[in-house]
Amino acid sequence: MESKFDYDIAWIMQAYLGEYPGSREDSDKKFIRAVKSFLAVHKLDPRTQLIIVSDGCEITHEIYHDKFAKYDCIEYAYVSKAKKKMYEQRKDGATFYRSLPRQVGRTIANRSFLHAFMDSDDLLLPDAARIIKNHWGTIQKQDPHKEYKWAACSEWYENEAMVKWQANAKGNFVFKDTAKPEKIKGLRSKWVRYAMNEPYKNVLSSTWNIIHRWDCKTIWADMYSNRKKGEPSEDVVYCTNIRREGDGMIINDAIMVRCHYSGIWDY
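What you are looking at is a predicted structure, and each value in this text was computed from that prediction instead of being measured. (Residues numbered from 1 in each chain as written. Predicted model: local features only at pLDDT ≥ 70, side-chain atom pairs only at ≥ 80, totals over all residues. Heavy atoms only, no water.)

Some thoughts on the side chain of histidine 212
The following threshold applies: Secondary structure follows DSSP: runs of H or I at least 4 residues long count as helices, runs of E at least 2 residues long count as strands, and numbering of each begins at the N terminus. Within 3.5 Å is the distance limit for a polar contact, defined as a pair of N or O atoms, with the added protein rule that one can donate a hydrogen and the other accept it, and that residues adjacent in sequence qualify only through two side-chain atoms. Two residues form a contact once any of their heavy atoms are found within 4.5 Å.
Looking at the secondary structure, you find histidine 212 in strand S10 (residues 210–213). Within the structure, the side chain of histidine 212 is placed 2.8 Å from the side chain of tyrosine 238, a separation counted as a polar contact. Those residues in contact with histidine 212 that lie beyond four places of it in its chain are Arg106, Phe113, Leu114, His115, Phe117, Lys149, Trp150, Tyr238 and Ile242.

Following this line, the structure appears as structure tokens:
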């Protein structure tokens, strides 16, 4: 990683712990768990930081100042809440997607070479930074004349409920389970490692799955999207535009556990 930066990787977390359509239970406890999972990463790699951006959320504000303000590796910002809540629908069926706070986080993360993202209810695996940096460094050395702009992971963890849901659902999936259910420290239930069927053909465009250089020009912006008409959500738009900025790489490893999938599981 470039030495002019204080950190190699910044994870940016947009946090709103109130209720909204499809929201998770015990959001405050899951937020604390998510931040602690970053601290476990930071313990193994001090050149990592977390940027928390409260989306007008007083709960986030109080928890940060009570539990996490003492950490130099965690920075914090508070932005005014949008008039609409995440996933609220207009009369025409379009859904509101909130993502401006992530862009605020990117502005704050100007001391980090790579920007990554995590949700406030998910779990980072302890060796997440090592995985990203090892892959980035190895691939960059293999082709030093190429300026890589982004990376995406082809593997991640889902709850074991996904296996049953996927088996009963109609349609063809571009990802599949690759191992037996296992326990993950700090989580209830069991979890299954998933992977893209063709990682160099199909890339998962989830918020947590894009990692990119600090100087990428794509920005996060609030938007409306009608999913029933096939219109993309805010994370798909962002990830797609990042990938158009230049060469990228696939990380054939997992760094994240998805702890909430609306209507299927919530841990």
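Once the structure has been displayed, the description carries forward.
Things to note about the packing of helix H1 (residues 27–44) against helix H2 (residues 58–68)
Note the following rule: Each axis is a line fitted through C-alpha atoms, taken for helices only over the stretch in contact, and angles between the N-to-C directions span 0 to 180 degrees. Our angle categories are set so that under 35 degrees counts as roughly parallel, over 145 as roughly antiparallel, 65 to 115 as roughly perpendicular, and the remainder as oblique. It is the rotation of the near helix from the far one that decides the hand of a crossing: anticlockwise by less than a right angle makes it left-handed, clockwise makes it right-handed. Gly falls in the polar group here, along with every residue not listed as nonpolar (Ala, Val, Leu, Ile, Met, Phe, Trp, Tyr, Cys, Pro) or charged (Asp, Glu, Lys, Arg).
Their axes nearest at 11 Å, the elements H1 and H2 cross at an angle of 45 degrees. In terms of orientation, H1 and H2 fall into the oblique class. Crossing geometry of H1 relative to H2 is assigned as right-handed. Along the contact surface, H1 presents Asp28, Phe31, Ile32, Val35, Lys36 and Leu39, while H2 presents Ile59, Thr60, Ile63, Lys67 and Phe68. Among the residues making up the contact of H1 with H2, the classes are represented as seven nonpolar, one polar and three charged.

With respect to helix H3 (residues 100–108)
Counted only if it meets this: Exposure classes here rest on a 1.4 Å probe applied to the protein chains alone. A residue is buried below 20% of its type maximum, exposed above 50%, and partly exposed in between.
Taken together, the buried positions of H3 are occupied by Pro101, Arg102, Gln103, Gly105 and Arg106. Taken together, the buried residues of H3 touch strand S1 (7–15), strand S2 (48–55), strand S3 (74–79), strand S5 (112–117), S10 and helix H6 (234–243).

Quick word on the environment of aspartate 177
Mapped onto the elements, aspartate 177 comes out in strand S8 (residues 175–177). Relative accessible area serves as the criterion here: at 33%, aspartate 177 is assigned to the partly exposed category. Between the C-alpha atom of aspartate 177 and that of serine 112, which follows or precedes it by 65 residues, the distance is 33 Å. In contact with aspartate 177, not counting residues within four places along its chain, are Val163, Val192, Arg193 and Tyr194.

As for the pairing of strand S7 (residues 150–159)
Basically, it comes down to this: At least two bridges found by DSSP between two strands is the condition for calling them paired.
Across the 10 residues that make up S7, a large majority, 10, are buried. In the sheet, S7 pairs with S10 via three bridges, with the strands oriented antiparallel. The partner of alanine 152 across the bridge, within S10, is isoleucine 210. Relative to strand S12 (residues 248–257), S7 runs parallel, the two sharing six bridges. What sits directly across from alanine 151, in S12, is methionine 249. The pairing of S7 with strand S9 (residues 191–196) spans five bridges and is classified as antiparallel. Bridged to tryptophan 156 within S9 is tyrosine 194.

Some remarks on the nonpolar core
Rules: To qualify as a nonpolar core, a set must consist of buried Ala, Val, Leu, Ile, Met, Phe, Trp, Tyr and Cys residues joined through side-chain atoms within 4.5 Å.
In this structure, Trp11 and Ile74 are the most contacted members of the largest nonpolar core, which totals 59 residues. Those residues in contact with isoleucine 74 that lie beyond four places of it in its chain are Val35, Phe38, Leu39, Leu50, Ile52, Tyr64 and Phe68. Formed by 17 residues, the second largest nonpolar core is a distinct cluster that contains Ile51, Ala77, Ala109 and Ile250.

Some words on the packing of aromatic side chains
Note on aromatic pairs: each is described by the distance of the centres and the angle between the planes. The line we're drawing: Two rings from Phe, Tyr or Trp (for Trp, the six-membered ring) form a pair when their centres sit within 6.5 Å of each other. Planes less than 30 degrees apart are called stacked, planes more than 60 degrees apart edge-to-face, and all others tilted. Placement of a charge over a ring requires the Lys NZ or Arg CZ to be within 6 Å of the ring centre, with the centre-to-atom vector within 35 degrees of the ring normal.
On inspection of all chains with the given rule, the structure shows 21 aromatic pairs. Their ring planes at 40 degrees and their centres at 6.2 Å tell us that tryptophan 165 and tyrosine 261 sit as a pair that is tilted. Highlighted residues: tryptophan 165 in helix H5 (residues 161–168) and tyrosine 261 in strand S13 (residues 260–261), separated in sequence by 96 residues. Look at tryptophan 165 and you get partly exposed, because its relative accessible area is 33%. Judged by relative accessible area, which is 27%, tyrosine 261 ranks as partly exposed. Counting every residue linked through ring pairs, the aromatic cluster contains Trp156, Trp165, Phe173, Phe175, Tyr194, Trp208, Tyr261 and Trp265. Between the NZ or CZ atom of lysine 81 and the centre of the ring of tyrosine 16, over which it lies, the distance is 4.7 Å. The ring of tyrosine 224 carries the charged tip of arginine 90 above its face, separated from the ring centre by 4.1 Å.

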